[in-house]
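# Chain and residue survey
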Amino acid sequence: MEAMDSELVRIDVGEGVTLDCVTQHPGFKPVCLEKWSLRLAKDKYKRKDKKSYQQTGSEERYKSIIAL
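Residues numbered from 1 in each chain as written. Predicted model: local features only at pLDDT ≥ 70, side-chain atom pairs only at ≥ 80, totals over all residues. Heavy atoms only, no water.

Before going further, it helps to spend a moment on the overall build of the protein. Regarding its fold elements, the protein presents 4 helices and 0 strands. Reading the secondary structure of the protein in the N-to-C direction produces α-α-α-α. Accessible area for the protein stands at about 6,400 Å²; split by element, carbon and sulfur atoms hold 57% of it. (Helix = DSSP H or I, 4+ residues; strand = E, 2+ residues; numbered from the N terminus. Areas by Shrake-Rupley, 256 points an atom, 1.4 Å probe, with all protein chains shown as cover.)

In total, this model carries 1 salt bridge according to the counting rule given. The partner of R10 in a salt bridge is D5, with the nearest N and O atoms 3.7 Å apart. The class for D5 is exposed, based on a relative accessible area of 51%. (Salt bridge = Lys/Arg side-chain N within 4 Å of Asp/Glu carboxyl O. Buried < 20%, exposed > 50% of the residue type's maximum accessible area, 1.4 Å probe, protein only.)

The next point concerns the environment of C32. Here C32 shows up in helix α2 (residues 28–33). Setting aside residues up to four positions removed in sequence, C32 forms contacts with G27 and L38. (Contact = heavy atoms within 4.5 Å.)

Let us look at the environment of Q24. Relative to the elements of secondary structure, Q24 occurs in the loop between α1 (7–13) and α2. Each C-alpha atom, one on Q24 and one on M4, is 8.8 Å from the other, the two residues being 20 residues apart in sequence. Setting aside its immediate chain neighbours within four residues, Q24 contacts T18 and L19. In this structure the side chain of Q24 is engaged in a polar contact, spanning 2.5 Å, whose partner is the backbone nitrogen of D20. (Polar contact = N/O pair within 3.5 Å; in protein donor to acceptor, adjacent residues only side chain to side chain.)

With that out of the way, let us pick up the packing of aromatic side chains. Inspection of every chain in the model, using the stated rule, returns 0 aromatic pairs. Above the face of the W36 ring, R39 is positioned so that its terminal group lies 4.5 Å from the ring centre. (Phe/Tyr/Trp six-rings, centres within 6.5 Å; stacked < 30°, edge-to-face > 60°. Lys NZ or Arg CZ within 6 Å of the ring centre and 35° of its normal.)

In this section: the confidence of the model for the protein. Interpreting fine coordinate detail is not advised for predicted regions of low pLDDT. Taken as a whole, the protein shows an average pLDDT of 78; of its residues, 78% reach a score of 70 or greater. Considering only residues more than four positions removed or in separate chains, one finds that residues 64–68, a stretch of pLDDT under 50, has 0 contacts. (pLDDT = per-residue confidence, 0-100.)

And the structure:
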C-alpha cells in the first residue's frame, strides 16, 4: 500500500487519482510483466519451497498459449 501512494506514483498518475489495484501502479507492467525484467530478477528470488525459479518450456510455447 505504501508504494501505491508514494509521491512518485502520485506525480505519475496525477493528484487525487486513487489506485484500487496493484496492476494500476505505473511500475507494474515494466517490473512484473516484461520478460527481461523478470529474467534479471529471477536469481534474487526463490519459490515458497526455497527452490530457484526455472523456465519450464519455451517462450514460443507460452506465447502460443496466450494467443488461444
